[in-house]
Amino acid sequence: MALSGTNNITHVSGKSLVAINGIQLPLKLSTQNYSTWRAQITPLLRGHNLMGYVTGTISPLPSLIEEEGRSIANPDYEFWECQDQLILAAIIASVSFSVMNTIADAKTSAEAWNKLQVAFANKSATRILSLREKLSRTKRDSRPVAEYLQLVKSIAEELSLCGSPVNDVDLVVHVLGGIGSEFRDIAAAIHARDSVISFDELQDKLLAHELYLKQIDHNFDPTPVTSNHVRKGNSSRPPYQSRQGNYSKPSTQFQSNGFQFSENSSSFGTNASRHQSSVPSSHHRNSSTQPKVQCQFCDKYGHHVKKCFRARDYFRSIFTKSTGSSLHNKLELGLPMAS
């Protein structure tokens, strides 16, 4: 045989053999991406008119033929065998090491193709039920929206290969059911639509909403709060000043839910040395595993109460209103005035 081109090899019969380079199949088959891998290799085989080798429609001819009363090797069979082995080599080169054992003993490309289909696209009821259960339990959790949607889509594609496709309505229901509470506003809007949204349109809207959440809150983290989140005290907000009574305080510091705020501060939440926080020891022990915290003042996620702009405005107004009252109390008790 003589090499005549990058992907073409000339057989002794004069026909051209097609050799598929590994660079044309960058995605390696694993136990999780059969549908994607098949979508990669199928157009390549069809483009070179080789799909019949793996499906069995191009079957081998007899290895021997009769010529002048004696049996000789059939050159057409030799060509088929050479091309089939080149396809088998391409399939083996495109699978990961963990999948190699599945097709290690395959003698033809059709045998390897069928083994992979049985292993990863089996139409048995057990596999369909397993994939359906996996789809129903899939949640976004700590994943970005794009990764979560891709995971849901891949499971749906596997179900389609097994002969149990998931329609767009069910797919949308599964996605919205596992997207998380951070997206409840857009989920409610989608549920209120008169027409059913398509999966592609849903993907665009969820990605846009994720970007919007990041823009309005730079501390936004799609990771949900774990069981180790900071718990609120008896009251989620400090007591408000009554309409008729004066707000008085026993000391020069305000304390709310374990956090202390200095009356002397003119820039709330900007000086760590002047705004010490008394965080429970359990919070410190678990802080390394906490993906996000909850503000104890406004109940929003992604920032501490020390950095809450609503708490800053509230306590600044309290500090301002209480200055006159504090001075009056000191005069009545005969306490020394600060110089």
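Our structure is the block above this text.
One structure accompanies this document, and this report is about it. Note that the structure is a prediction, hence the values are computed from the model and not measured.

1. Observations regarding the overall build of the protein chain
Per the secondary structure count, the protein chain includes twelve helices and seven strands. Across the protein chain, contacts joining residues at least 24 apart in sequence account for 55% of those joining residues at least 6 apart. For the protein chain, the computed accessible surface area is about 20,100 Å², with 51% contributed by carbon and sulfur atoms.

2. As for the pattern of salt bridges
In total, this model carries six salt bridges according to the counting rule given. The salt bridge involving Asp76 is made with Lys15; its shortest N-O contact spans 3.2 Å. Placement of Asp76 in helix α3 (residues 75–93) and of Lys15 in the loop between β2 (8–10) and β3 (16–18) is noted, with a sequence separation of 61 residues between them. Residue classification places Lys15 among the partly exposed residues on the basis of a relative accessible area of 39%.

3. Considerations on the side chain of Ser164
Looking at the element boundaries, Ser164 is found in the loop between α7 (145–161) and α8 (168–178). Given the relative accessible area of 14%, Ser164 is considered buried. Here the side chain of Ser164 touches Arg132 through a polar contact of 3.0 Å, side chain to side chain. When sequence neighbours within four positions are dropped, the list of residues in contact with Ser164 reads Ile128, Arg132 and Leu159.

4. Regarding the packing of α7 against α8
Following both chains from N to C, one finds α7 and α8 inclined at 145°, their axes separated by 11 Å at the closest point. The two elements α7 and α8 meet at a crossing, and its hand is right-handed. Counting all contacts with α7, which are made through Tyr148, Leu149, Val152 and Ala156, the residues of α8 involved are Leu171, His174, Val175 and Gly178. Class assignment for the residues of the contact of α7 with α8 results in six nonpolar, two polar and no charged.

Conventions and cut-offs
Residues numbered from 1 in each chain as written. Predicted model: local features only at pLDDT ≥ 70, side-chain atom pairs only at ≥ 80, totals over all residues. Heavy atoms only, no water. Helix = DSSP H or I, 4+ residues; strand = E, 2+ residues; numbered from the N terminus. Contact = heavy atoms within 4.5 Å. Areas by Shrake-Rupley, 256 points an atom, 1.4 Å probe, with all protein chains shown as cover. Salt bridge = Lys/Arg side-chain N within 4 Å of Asp/Glu carboxyl O. Buried < 20%, exposed > 50% of the residue type's maximum accessible area, 1.4 Å probe, protein only. Polar contact = N/O pair within 3.5 Å; in protein donor to acceptor, adjacent residues only side chain to side chain. Axes fitted to C-alpha atoms, helices over the stretch in contact; angles between N-to-C directions. Left-handed = near helix turned anticlockwise from the far one by under 90°. Nonpolar A, V, L, I, M, F, W, Y, C, P; charged D, E, K, R; others polar.

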